[in-house]
Amino acid sequence: MSRLSFAPGRVNLIGEHTDYTGGLAMPMAIGLGTTIRYTPEAGSRFVELVSSVEKEPARVDLALPASLTAIGRLSPSWARYVGGVVATLRPTEGGRGAVTSDVPIGAGLSSSASFELALALALGFGGDARSLARACQQAEHLAFGAPTGILDQMAGACAERGCAMQLDCHSLAVVQVPLPGDVEIAVVHSGLPRAVASTAYAERRSQCLAAEEVVGPLRLARLDDLSQLRDEVLARRARHVVTENERVRQFSDALLADDLSEAGRLMAESHASLRDDYEVSLPALDDLVGFLQETPGVYGARLTGAGFGGCAVALAAPGALAGALEGRTHWFVRPEDGARLLEEP
Ligand code: GLA
């Protein structure tokens, strides 16, 4: 008997580079996602998958050691994600499955978290949504060693249709915030691919840790506290995190009050902070965000995801961006439900 699982990609509306210091973020799941049809096979020692977006199949031994070295040797490279999930969940029997996905890879829409979540469910993971997100974050770490936070996996696991979720990355508390109906969300590709396993991501994370050694947890810090930071770069990194957490709170309030102009203003501030203080933007992303912000009917826009390429997200009046995005790779998205089994044995 087979299982059919689905897990969505996500777009983060605001709250970027805050998750790994236990801060706040505001993601939503999107309609693009990964679907896996999987059939366990009694006596099999391998998880074997074919994929609509990968040329070669992935075949992973159930006894694969849970180490970066062992998983790093797997080939083709997408087998490392399979290895990460298998080594985290330790299923007791193997099987065969087929993967289809329409989440663009390297766009900052969490194609990898969507895959990990769908695979964990296909392999029979039975815990709650938070445990699913934690397991898939561990799988992601094992797969590529990038010290990513839990934003992507929590968004894909806990999202609810019609809502953006205010996510506290420390407690993993989620507040579902209904999105006003008269708004359109556009995700627009900058044309530059993004590699999350980049040294810059790990460097930002260690700069946050260095700042925390001086001022304590950034999620609890206030702007005044940051004057203790003598290192100018650390001070700017910390200022981004502290102000971004506050912007997430204000953004939630703005959505609840139906104040889309204020929500858009906060998105523009977030982008400026990511560009100037956190330095994770690129000229092509700044140009794209500038273009979006100047288009009549757009409330606000910002880079979304880790930065260094990938996509921008814009909040706009319905129809405002229809013509303007011609010739650019883009998606209009609505908030969708999180990962789930569509059929089970
Ligand atoms: C990537 C990581 C997330 C988060 C974002 C930046 O998407 O996977 O954990 O850190 O970057 O907000």
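Being a predicted model, the structure only gives us computed values, none of them experimental.

The sheet built from six strands is open, its strands ordered E5-E4-E6-E3-E1-E13 with mixed pairing. In this open sheet, the two strands that pair with only one neighbour each are strand E5 (58-61) and strand E13 (340-343). On average, adjacent strands in this sheet sit at an angle of 25° to one another, irrespective of strand direction. Note: strand E4 (residues 46-51) against E5, four bridges, orientation antiparallel. Residue pairing for E5: Val47 is matched across the bridge by Val60.

Where helix H3 (residues 111-122) meets helix H5 (residues 151-158), the axes come as close as 9 Å, and the angle between the chain directions of the two elements is 50°. Viewed along their axes, H3 and H5 adopt a mutual orientation that is oblique. Between H3 and H5 lies a crossing of right-handed hand. Of the residues in H5, those in contact with Ala113, Glu116 and Leu117 of H3 are Asp152, Gln153, Gly156 and Ala157.

In terms of residue burial, helix H2 (residues 79-89) counts as a mostly covered element, since nine of its 11 residues are buried. Listed in full, the buried residues belonging to H2 are Ala79, Tyr81, Val82, Gly83, Gly84, Val85, Val86, Ala87 and Thr88. Residues of H2 that are buried in the fold lie against E4, E5, helix H1 (68-72), H3 and helix H4 (129-144). Arg90 sits one or two residues past H2 and shows a positive phi near 50°.

Now for the site of the ligand. Lining the immediate surroundings of the ligand are Arg10, Glu16, His17, Asp19, Tyr20, Thr148, Gly149, Leu151, Asp152, Tyr201, Gly305 and Ala306. With respect to the ligand, the side chain of Arg10 contributes an N or O atom lying 3.1 Å from an oxygen atom. One of the backbone nitrogen or oxygen atoms of His17 is found 2.7 Å away from an oxygen atom of the ligand. Relative to its free-state accessible area of 310 Å², the ligand is covered by the protein chains to the extent of 97%. Most atoms of the ligand, that is more than half of them, are within 2 Å of grid points of the largest pocket.

With five of six residues buried, E4 is to be regarded as a mostly interior element. Hairpin connection from E4 to E5: six residues lie between these consecutive antiparallel strands. Pairing between E4 and strand E6 (residues 95-101): five bridges, direction parallel. Within E6, the residue paired with Leu49 across the bridge is Gly97.

Bringing the packing of H3 against H4 into the picture now. As a packed pair, H3 and H4 sit with axes 9 Å apart at the nearest point and diverge in direction by 120°. Here H3 is positioned oblique relative to H4, judged by the angle of their axes. The two elements H3 and H4 cross, and the hand of that crossing is right-handed. Taken together, the residues of H4 that come into contact with H3 (itself represented by Ser112, Ala113, Glu116, Leu117, Ala120 and Leu121) are Leu132, Ala133, Cys136 and Glu140. Looking at side-chain class alone, the contact of H3 with H4 contains seven nonpolar, one polar and two charged residues.

In this section: the sheet that holds strand E2 (residues 24-25). Taking strand neighbours across the sheet as the criterion, the three strands line up as E2-E7-E8 in an open arrangement whose pairing is antiparallel. Here the strands that pair on one side only, and so sit at the sheet edges, are E2 and strand E8 (174-178). Pairing of strand E7 (residues 163-168) with E8 involves five bridges; the strand directions are antiparallel. Residue Cys163 lies in a different strand from E8, and its bridge partner there is Pro178.

On to the packing of aromatic side chains, then. Under the criterion given, the structure shown has three aromatic pairs. Ring plane angle 65° and centroid distance 5.4 Å describe the contact between Tyr20 and Tyr201, whose orientation is recorded as edge-to-face. Placement of the pair is Tyr20 in the loop between strand E1 (3-12) and E2 and Tyr201 in helix H6 (residues 199-215), with a sequence separation of 181 residues. Here the two residues Tyr20 and Tyr201 agree in accessibility, since each one is buried.

What counts and how
- Residues numbered from 1 in each chain as written.
- Predicted model: local features only at pLDDT ≥ 70, side-chain atom pairs only at ≥ 80, totals over all residues.
- Heavy atoms only, no water.
- Pairing = 2+ DSSP bridges.
- Helix = DSSP H or I, 4+ residues; strand = E, 2+ residues; numbered from the N terminus.
- Axes fitted to C-alpha atoms, helices over the stretch in contact; angles between N-to-C directions.
- Parallel < 35°, antiparallel > 145°, perpendicular 65-115°, else oblique.
- Left-handed = near helix turned anticlockwise from the far one by under 90°.
- Contact = heavy atoms within 4.5 Å.
- Buried < 20%, exposed > 50% of the residue type's maximum accessible area, 1.4 Å probe, protein only.
- Near = heavy atom within 4 Å.
- Polar contact = N/O pair within 3.5 Å; in protein donor to acceptor, adjacent residues only side chain to side chain.
- Areas by Shrake-Rupley, 256 points an atom, 1.4 Å probe, with all protein chains shown as cover.
- 1 Å grid on protein atoms, 1.4 Å probe; cavity = no way out; pocket = protein on both sides within 12 Å on 5 of 7 lines; lining within 4 Å.
- Sits in = over half its atoms within 2 Å of the grid points.
- Nonpolar A, V, L, I, M, F, W, Y, C, P; charged D, E, K, R; others polar.
- Phe/Tyr/Trp six-rings, centres within 6.5 Å; stacked < 30°, edge-to-face > 60°.

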